[in-house]
Amino acid sequence: MKVSDYVLQRLREWDVEHVFSYAGDGINGLLAAWERADNKPTFIQARHEEMAAFEAVGYAKFSGKVGVCAATSGPGAIHLLNGLYDAKLDHVPVVAIVGQTHRSAMGGSYQQEVDLMSLFKDVASEFCETVNVPEQLPNVIDRALRTAYARRTVTAVIIPADVQELEYSPPTHAFKMVPSSLGVAAYAPVPAEEEVARAAEVLNAGEKVAVLIGQGARGARAEVEELADLLGAGVAKALLGKDALSDELPYVTGAIGLLGTRPSYDLMQGCDTLLVIGSSFPYTQFLPELDQARAVQIDIDPHMVGLRYPFEVNLVGDARATLQALLPQLQRKEHGAWRKKIEKSTARWWEVMEGRAAVDAEPINPEYVVHALDALLPDDVILAADSGSAANWYARHLRMRGTMRGSLSGTLATMGPGVPYVIGAKFAHPERPAVAIVGDGAMQMNGMAELITAAKYWKEWQNPQLIIAVLNNQDLNQVTWEMRAMSGAPQFLASQALPDVPYADFARSIGLDGARVEEPGEVESAWRRALAADRPFVLDFRTDPAVPPIPPHADLDQMEATAAAIIKGDSDRGGMIRQGIKAKVQEMLPGHRHRGDRPGAQ
């Protein structure tokens, strides 16, 4: 058995079923071992190492298991970085296995020689190790996987090409040897009783309770519902926690932040008590004023508590286990004016969203495209959105229910993960439908090539439903609106204008299906056709770039008129509205942001 054979064996022993990768001579030893191992774990061939990393992230986000990606030395390893940072910043367990030049050539400025330890020391700061002798295994593989799971982060294992070819020799019962064992134990830490009691005192004393949940609350849905009922609270959701609670509940106000809802904004502005569960939502300006509310935080990571707001009590623990300890100490509050106001505002919000979606545009209102999908979604669908204006409509028009899952690039807010996310999801759940909503910029950047990956593998999926909806407005639309709001510039065409690409035609050319949709009357039937297709389907929606992503400060009664005025080119009213948008955005986000600071997802 060679080192490369043992690496794959150890991955199998950890129940790793897929490795997302792209070939290169720095991992030739591993590739040969894959052939000898009858392709177990399954090698999934992406079109680019960045896409392999994104697919590993999507797989991990939607499966709860570690995502594993592999790449060759030098350029392959470099290409992984964006996807790995996406995993690190969203607290997703991903392991990267990377090749390196032969040990005999290291330090000699050899071809594709890159200092990988330095390259990965930030993104894989919790564990990054180079395997120099066979006896370092299995410990290095075990620690990489165990650390990724336990810390919900990225780890990296670097294996020089010549080491891959060495005969495997296990660690012995000897000095300077480190034996190892499989597995990571499940655990649910709970804060000390006195800390839970302090939190209960704060929450019981409040009259207007607001709850903010993130992805860390996903396993505590029943407990969050019980808490909201006991306290008469409204619940807002950070976008990474969009699927943590059903939007069918009348007190769930939806997303918070620049892409959030007016009810969530009002919830935070009006509360006297705040409970944050499993979220590191970073934008303090969308939380209550700093001296307005008494606040409690629950987070499993002791390094992430106490951030964003002056919390009176910080509970370090698993969300579900902590809430189970907290709930018996909470006193029931009447569902009075506070709760009724929340529910009325939320109901009104969905009416306004329906009204905004109904506004005529040229040729199609992008809000209508996403709003029309909402009622058609299967209850077990997996959703992904790309960064940009697509994230606005995902955040505001799609209501989570049933066992729906959804995600996007939350903290990194990078362009390009939408398509590889849902491809990774299909390997995690081949029986479930998946839908990605992406802008044409992201589709041109990454998505089109990755359709080839879908074409390569879709026949292996139990359910072939994979829909890629492209909002084709020939504009880098989010940045265009940022320019208008932040800099007063209408549009810099040299940077913003995109070529029109026949996305559906390309899909059909590689054995998938697709349709171009250019009329509002065709939108719903196009969605239905895609949802009934027997293979992955690309919908090319020709949407209007003039539809503005209104900040959550906007008055609900004016939002429909605002959209209509800007779309229809009412210069006087549109100019006033743009000035209002600019003032609001500058108030919320002081300072000018560059293209890399795309508001995707918090």
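Per chain, residue numbering runs from 1 following the sequence as it is written. Selection of residues for local features in this predicted model requires a pLDDT of at least 70, selection of side-chain atom pairs for listing and counting requires 80 or more, and totals for whole chains, interfaces and linings are taken over all residues. Only hydrogens and water are set aside; all other atoms, that is, all heavy atoms of the structure, feed into the side-chain values.

### Overview of the overall build of the chain
For the chain, the helix and strand inventory stands at 22 helices and 18 strands. To get the radius of gyration, use the C-alpha atoms; to get the globule rule, take the number of residues to the power 0.38 and multiply by 2.2 Å. Whereas a compact globule of 602 residues would reach a radius of gyration of roughly 25 Å, the chain reaches 25 Å, a difference of no more than 12%. Going through the 602 residues of the chain one by one, you find that 60% of them count as buried. Contacts are assigned to residue pairs that have any heavy atoms within 4.5 Å of one another. Across the chain, every contact between residues at least 6 apart in sequence was considered, and the portion connecting residues at least 24 apart equals 75%. Values of accessible area rely on a 1.4 Å probe in the Shrake-Rupley scheme; residue burial ignores everything except the protein chains shown. Counting only carbon and sulfur atoms, one obtains 51% of the accessible surface of the chain, whose full area is about 22,600 Å². Under this rule, positive means Lys or Arg and negative means Asp or Glu; His and the chain ends count for nothing. Every charge is mapped onto a representative atom, which is NZ of Lys, CZ of Arg, CG of Asp or CD of Glu. The chain carries 57 positive and 76 negative side-chain charges, and their two centres are separated by 1 Å. Strands here are runs of E lasting at least two residues and helices are runs of H or I lasting at least four, both read from the DSSP assignment and numbered beginning at the N terminus. In this scheme, a residue with accessible area under 20% of its type's maximum is buried, one over 50% is exposed, and one in between is partly exposed, where area comes from a 1.4 Å probe on protein chains only.

### What about the packing of helix α3 (residues 49-63) against helix α15 (residues 418-428)?
Between α3 and α15, the shortest axis-to-axis distance is 7 Å and the interhelical angle comes to 50 degrees. What the angle tells us is that α3 and α15 run oblique. Considering only the axes of α3 and α15, their crossing is right-handed. In contact with Met51, Phe54, Glu55, Val57, Gly58, Tyr59, Lys61, Phe62 and Ser63 of α3, α15 contributes Pro420, Tyr421, Ile423, Gly424, Ala425, Phe427 and Ala428. In this classification, the charged set is Asp, Glu, Lys and Arg, the nonpolar set is Ala, Val, Leu, Ile, Met, Phe, Trp, Tyr, Cys and Pro, and all remaining amino acids, among them Gly, are polar. Taken together, the residues of the contact of α3 with α15 sort by class into 11 nonpolar, 3 polar and 2 charged. Only the stretch in contact is used when fitting a helix axis, every axis being a line fitted to C-alpha atoms; angles between N-to-C directions are given from 0 to 180 degrees. Orientation categories follow fixed angle ranges, with anything under 35 degrees roughly parallel, anything over 145 roughly antiparallel, 65 to 115 roughly perpendicular, and all other angles oblique. A crossing counts as left-handed when the near helix is turned anticlockwise from the far one by less than a right angle, and as right-handed when that turn is clockwise.

### Considerations on the pattern of salt bridges
Salt bridge criterion: a side-chain nitrogen from Lys or Arg within 4 Å of a carboxyl oxygen from Asp or Glu. Overall, the coordinates contain 31 salt bridges when judged by the stated rule. The shortest N-O distance in the salt bridge between aspartate 379 and arginine 401 comes to 3.0 Å. In this pair, aspartate 379 sits in the loop between α13 (366-374) and β13 (382-385) while arginine 401 sits in the loop between α14 (389-397) and β14 (405-407), placing the two residues 22 residues apart along the sequence. The exposure class assigned to aspartate 379 is partly exposed, which follows from its relative accessible area of 42%. The exposure class assigned to arginine 401 is buried, which follows from its relative accessible area of 13%. Several salt bridges share partner residues, and in doing so they unite Asp500, Arg516, Glu518 and Asp540 into one network.

### With respect to the pairing of strand β12 (residues 313-316)
Of the two faces of β12, the one lined by Val313 and Leu315 is fully buried and the one lined by Asn314 and Val316 carries no buried residue. Should DSSP find at least two bridges between two strands, the strands are taken to pair. For strand β11 (residues 294-299) and β12, the ladder comprises 4 bridges, and the chain directions are parallel. Residue pairing across strands places isoleucine 298 opposite leucine 315, the latter belonging to β12.

### Structural notes on the confidence of the model for the chain
Confidence in the prediction for the chain averages 92 pLDDT; 92% of positions are at 70 or higher. For every residue, the predictor reports its confidence as pLDDT, a number between 0 and 100. Residue range residues 571-578 is modelled with pLDDT below 50. Its contacts to residues more than four positions away, or to other chains, number 12 contacts. Note that pLDDT drops below 50 for residues 584-602; the model gives that stretch 54 contacts with residues more than four away or on any other chain.

### Remarks on the sheet that holds strand β8 (residues 234-237)
Here we have 6 strands laid out as an open sheet, ordered β9-β8-β7-β10-β11-β12, and parallel in their pairing. In the strand order of this sheet, the two ends are held by β9 (252-255) and β12, each with one partner. Between one strand axis and the next, the sheet turns through 15 degrees on average, direction left out of account. Strand contacts of helix α10 (residues 262-270): β7 (209-213), β8, β9 and β10 (273-277), with the helix running at about 125 degrees to β7, the strand carrying the most contacts.

### Describing the pairing of strand β16 (residues 466-472)
In terms of burial, β16 is largely enclosed, as 7 of its 7 residues are buried. Burial of the side chains of β16 extends over both faces: Leu466, Ile468, Val470 and Asn472 are buried on one face and Ile467, Ala469 and Leu471 on the other. Across 6 bridges, strand β15 (residues 434-439) lies against β16 in parallel orientation. Across the sheet, residue valine 438 finds its bridge partner in β16, namely valine 470. For a crossover, the right-handed case is the one in which the path from the first strand over the helix to the second runs clockwise, viewed with the strands pointing away from the viewer. A crossover connection joins β15 to the parallel β16 through helix α16 (residues 440-457); in handedness this β-α-β unit is right-handed.

### Examining the nonpolar core
The nonpolar side chains of a soluble globular protein tend to be buried with one another. In this structure, Leu84, Val94, Phe120, Met443 and Ile468 are the most contacted members of the largest nonpolar core, which totals 58 residues. With 9 residues, α3 is the single largest residue contributor to this core. When neighbours within four sequence positions are excluded, phenylalanine 120 is seen to be in contact with Ala77, Leu81, Leu84, Val98, Ser125, Cys128 and Ala156. We call a set of buried Ala, Val, Leu, Ile, Met, Phe, Trp, Tyr and Cys residues a nonpolar core when their side-chain atoms join them within 4.5 Å.

### Details of the packing of aromatic side chains
The pairing test for Phe, Tyr and Trp rings, Trp by its six-membered ring, is centres within 6.5 Å, and the orientation test on the planes gives stacked under 30 degrees, edge-to-face over 60, and tilted for anything in between. Across all of its chains, the model carries 11 aromatic pairs by this definition. Here the aromatic rings of phenylalanine 427 and tyrosine 457 are separated by 5.4 Å at their centres, their planes lie at 80 degrees, and the arrangement is edge-to-face. Taken together, the residues span a long stretch of sequence, with phenylalanine 427 in helix α15 and tyrosine 457 in helix α16 at a distance of 30 residues. For the pair phenylalanine 427 and tyrosine 457, a shared accessibility class is recorded, and that class is buried. Feature note: the residues Phe20, Tyr59, Phe427, Tyr457 and Trp461 constitute an aromatic cluster, connected by ring pairs. A ring is scored as having a charge over it whenever the NZ atom of a lysine or the CZ atom of an arginine sits within 6 Å of its centre and within 35 degrees of its normal. Positioned over the ring face of tryptophan 350 is arginine 399, at 4.6 Å from the centre of the ring.

### As for helix α12 (residues 337-357)
Take the residue count of a helix, subtract one, and multiply by 1.5 Å to get its expected span. Taking 1.5 Å as the rise per residue, α12 with 21 residues should run 30 Å; its terminal C-alpha atoms sit 30 Å apart, in good agreement. Among all positions of α12, only Trp338, Arg339, Ile342, Ser345, Thr346, Trp349, Trp350, Val352, Met353, Gly355, Arg356 and Ala357 are buried.

### Quick word on unusual backbone geometry
A cis amide bond links leucine 137 to the next residue, proline 138, at an omega of 10 degrees. The residue proline 138 is located in the loop between β5 (128-130) and α6 (139-151) in this model. Cis geometry marks the peptide bond from glutamate 362 to proline 363; its omega dihedral reads -5 degrees. In this structure, aspartate 15 is a non-glycine residue whose phi angle is positive, near 65 degrees. One non-glycine residue, histidine 91, lies in the positive phi region at around 60 degrees. When you line up the elements, histidine 91 lands in the loop between α4 (75-89) and β4 (94-100). Residue histidine 91 is classed as partly exposed on the basis of its relative accessible area, which comes to 33%.

### Section: the sheet that holds strand β2 (residues 42-45)
Within a sheet, adjacent strands bond to each other through the backbone by hydrogen bonds, running parallel or antiparallel. Read across the sheet, 6 strands follow the order β2-β1-β3-β4-β6-β5 without closing on themselves; strand pairing throughout is parallel. Edge positions in the open sheet fall to β2 and β5, since each of these has one partner strand only. In this sheet, neighbouring strand axes are inclined to one another by 25 degrees on average, regardless of whether the strands run parallel or antiparallel. Relative to strand β6 (residues 154-160), β4 is paired through 7 bridges, and the arrangement is parallel. Residue pairing in the sheet places alanine 96 in a bridge with alanine 156 of β6.

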